[in-house]
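Reading the structure
The primary structure of each chain is shown beneath.
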Amino acid sequence: MSLKLVSCSRSVFKVLARNLATITSEGIVDGSQTFLHLESRYACVCPTCYGKFSKQKNVTRHSSEIKVTEIIKETPNYLKVRWCDEHEGIVPRTPRGCYGPPPVVDAIDKYGQLSLRHHSEIKVWDEPDNNIYKFWNYDNLLEDDQTIKDFLEHFMRYGIAFLRNCNPKFTPEKLMDDINLTPLLATVYGPQDAIIHKFVQDNVAYSATTLGQHMDLCYYNPPPNVFGLMCVENNVIGGESTFRDQYSAALQLKANRPDLFDILATVPRRNRSNPVTKRFRHYVNDEPIIVLKNGHLYRIVDSLTGLDAFHFVSNIDLETRKKWWEGYQLYRQYTENQNRMAKVRLNPGDIALLDNWRVTHGRKAFEERADTKRHMYAFYMNWNHMQGRLLDTNIDETLELNEIED
């Protein structure tokens, strides 16, 4: 049954026939949802507006005066409509109509909010438990697609996940490529950085001393959101890797001193790397330590190695700095609480994957001997590649437009 408007230019809309969906001055009212007139045009998935193979919308900007004039046909997932410029198109009325058949919408429903770091899906850990210390067998990820999804779900929920039985002769790039989590994120260190113990070294990462809690590349804007640490060789006594959920530390600060939490969430701190060589250039990032999104924790940007205290003196007033340092000192006290850290010895073939925006890492000191061998790879990944792998259904996600076109 056809539903029409007398005119798209009139302020009072007259409905000539009524079906489930109706046209009003606002747009299309379809059950509990309403498409504004302009929204309905941008939502159109007809072959003219939506590429069947590219699965992308075209780049046409539509007039703000566009109006729906007729609902031509209704099916369970689509509305066939006409606008006042005489364009006939297809508006999805359900997630299935918009995104694809059930496996697609089921994946979005199950993992969508988690993959977007929504606070309601994240499990903040004050102290490590069995979920944090869980190791996943790399071979199982190679053999079973659902196991990869379970692994990625665990990683995104807790901000940390461990792999075991990776071939230490392979690079992280090859290992991640074999489970379709590449490309790795290239940085100034390349696709992966070899961290090999050296007896004479002024970079604490390559030494035997304690390495405090930090995120990697805090001076990037934004910092890489996934950090990986792979063990190639490790015969040291001590040297356990340490991990801390910084969301927990930030929430502890908010509960105990909300005024100081607000300072760390609003005053930008400069993170800076010095240009050591032509390859290692000068990088600078200005962000608050605690980055919020819609009032909730989104990113923690903190590393003592990148802190540019001099910039504070030059650019932030004295009273603000006093409060900021009070808050930062208390925050670092929470961060460095040994009882709230996970401590794991990484052995050859082990990989730790971290949400670099949330879980910091460090290392306990170890004993140096003549035969000391400690070789790790550090590497970085793009969160969106992991998100895409989690939401992937391995099916043709072509929209089922034959439902409305027949």
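Please refer to the structure placed before this passage.
Here is a short report on the structure shown in this document. (Residues numbered from 1 in each chain as written. Predicted model: local features only at pLDDT ≥ 70, side-chain atom pairs only at ≥ 80, totals over all residues. Heavy atoms only, no water.)

**What about the overall build of the protein chain?**
- The helix and strand inventory of the protein chain stands at twelve helices and 21 strands.
- With respect to the principal axes defined by its C-alpha atoms, the protein chain has extents near 90 × 55 × 45 Å.
- For the protein chain, contacts bridging at least 24 residues in sequence account for 72% of all contacts bridging at least 6.
- When the accessible surface of the protein chain is split by element, carbon and sulfur atoms take 50% of a total near 19,700 Å². (Helix = DSSP H or I, 4+ residues; strand = E, 2+ residues; numbered from the N terminus. Contact = heavy atoms within 4.5 Å. Areas by Shrake-Rupley, 256 points an atom, 1.4 Å probe, with all protein chains shown as cover.)

**Comments concerning the packing of helix H3 (residues 102-115) against helix H11 (residues 383-391)**
- Across the interface, H3 lies against H11 with an axial gap of 9 Å and an inter-helix angle of 160 degrees. Here H11 runs roughly antiparallel to H3, going by the angle between their axes. As for the relative orientation of H3 and H11, their crossing is right-handed in sense. Contacts between H3 and H11 involve Ala107, Ile108, Tyr111, Gly112, Leu114 and Ser115 from the former and Trp383, Gln387, Leu390 and Leu391 from the latter.
- Of the residues that constitute the contact of H3 with H11, the class distribution is seven nonpolar, three polar and no charged. (Axes fitted to C-alpha atoms, helices over the stretch in contact; angles between N-to-C directions. Parallel < 35°, antiparallel > 145°, perpendicular 65-115°, else oblique. Left-handed = near helix turned anticlockwise from the far one by under 90°. Nonpolar A, V, L, I, M, F, W, Y, C, P; charged D, E, K, R; others polar.)

**Focus on the packing of aromatic side chains**
- All chains considered together, the criterion is met by 14 aromatic pairs.
- Grouped by ring-pair contacts, the aromatic residues Phe312, Trp324, Trp325 and Tyr328 constitute a single cluster.
- Lying over the aromatic face of Phe170, Lys174 brings its terminal NZ or CZ to 5.0 Å of the ring centre.
- Directly above the ring of Trp357 sits Arg299, whose terminal nitrogen or CZ lies 4.3 Å from the centroid. (Phe/Tyr/Trp six-rings, centres within 6.5 Å; stacked < 30°, edge-to-face > 60°. Lys NZ or Arg CZ within 6 Å of the ring centre and 35° of its normal.)

**Considering the pattern of salt bridges**
- For the coordinates displayed, the defined rule picks out 24 salt bridges.
- Residue Arg389 is joined to Asp145 by a salt bridge in which the shortest nitrogen-to-oxygen separation is 2.7 Å. With Arg389 in helix H11 and Asp145 in helix H5 (residues 145-158), this residue pair connects regions lying 244 residues apart in the sequence.
- According to the relative accessible area criterion, Arg389 is buried, its value standing at 9%.
- Arg332 is the salt-bridge partner of Glu336, the closest N and O atoms lying 3.2 Å from each other.
- Residues participating in the shared-partner salt-bridge network are Glu70, Arg82, Glu86 and Glu88. (Salt bridge = Lys/Arg side-chain N within 4 Å of Asp/Glu carboxyl O. Buried < 20%, exposed > 50% of the residue type's maximum accessible area, 1.4 Å probe, protein only.)

**Concerning the state of the cysteines**
- For the coordinates displayed, the defined rule picks out zero disulfides.
- With no disulfide of its own, Cys44 lies closest to Cys46 among cysteine sulfurs, the gap being 3.5 Å.
- With a relative accessible area of 0%, Cys44 lands in the buried category.
- Cys49 takes part in no disulfide bond, and the closest cysteine sulfur to it belongs to Cys46, at a distance of 3.7 Å.
- Judged by relative accessible area, which is 6%, Cys49 ranks as buried. (Disulfide = S-S within 2.5 Å.)

**Here's the deal with the layout of surface pockets**
- Of the volumes computed, that of the largest pocket is approximately 1,100 Å³.
- Around the largest pocket, the lining comprises 40 residues; the ones closest to its centre are Tyr189, Asn203, Ala205, Tyr206 and Tyr219.
- Secondary structure elements with two or more residues in the lining of the largest pocket: strand S10 (192-196), strand S11 (211-214), strand S12 (226-234), strand S14 (269-273), strand S20 (359-363) and strand S21 (374-381).
- Looking at which element gives the most residues to the lining of the largest pocket, the answer is S21, with four residues.
- Looking at the lining of the largest pocket residue by residue, the class counts come to 20 nonpolar, eleven polar and nine charged. (1 Å grid on protein atoms, 1.4 Å probe; cavity = no way out; pocket = protein on both sides within 12 Å on 5 of 7 lines; lining within 4 Å. Points joined across faces, edges and corners; volume = space filled by probe spheres on them.)

**Comments concerning the sheet that holds strand S3 (residues 27-30)**
- Taken together, three strands build an open sheet; the order of strands is S2-S3-S4 and the sheet is antiparallel. What marks the edges here is a single partner per strand, and that holds for strand S2 (21-23) and strand S4 (33-36). Each neighbouring strand pair of the sheet contributes to a mean axis angle of 20 degrees, computed without reference to strand direction.
- In this sheet, S4 lies alongside S3 in antiparallel orientation, the contact comprising four bridges. Of the residues in S4, the one forming a bridge with Asp30 is Gln33. (Pairing = 2+ DSSP bridges.)

**Quick notes on the environment of Asp259**
- Position of Asp259 among the secondary structure elements: in helix H8 (residues 258-266).
- The class of Asp259 is partly exposed, set by a relative accessible area of 32%.
- Taking the C-alpha atoms as reference points, Asp259 and Lys323, 64 residues apart in sequence, are found 8.9 Å from one another.
- Within the structure, Asp259 has its side chain in polar contact with the side chain of Lys323 (distance 3.1 Å). (Polar contact = N/O pair within 3.5 Å; in protein donor to acceptor, adjacent residues only side chain to side chain.)

**Comments concerning H3**
- Between its first and last C-alpha atoms H3 spans 19 Å; for 14 residues at 1.5 Å apiece the expected length is 20 Å, and the two agree.
- Bending of H3 peaks at approximately 40 degrees at the position of Asp109.
- Every buried residue of H3 is accounted for by Val104, Val105, Ala107, Tyr111, Gly112, Leu114 and Ser115.
- Lining the buried residues of H3 we find helix H2 (95-99), H5 and H11.
- Taken from the residues just after H3, Arg117 is the one with a positive phi, measuring 65 degrees. (Expected span 1.5 Å × (residues − 1). Bend = angle between axes of the 7 residues up to and from the residue.)

**Side note on helix H10 (residues 318-335)**
- Given a rise of 1.5 Å per residue, 18 residues ought to cover 26 Å, and the 25 Å separating the end C-alpha atoms of H10 matches this to within 8%.
- Two or three places before Glu319, at the start of H10, stands the capping residue Asp317, its side-chain oxygen 3.3 Å from that residue's backbone nitrogen.

**Quick notes on the sheet that holds strand S8 (residues 135-137)**
- Overall, mixed pairing links the six strands, which are arranged S8-S9-S19-S12-S21-S10 in an open sheet. Every interior strand has two partners, whereas the edge strands, S8 and S10, have only one. Strand-to-strand twist of the sheet, defined as the mean angle between neighbouring strand axes without regard to direction, takes the value 25 degrees.
- Note: S12 against S21, eight bridges, orientation antiparallel. Each residue of the ladder has a partner; that of Gly228, found in S21, is Phe379.

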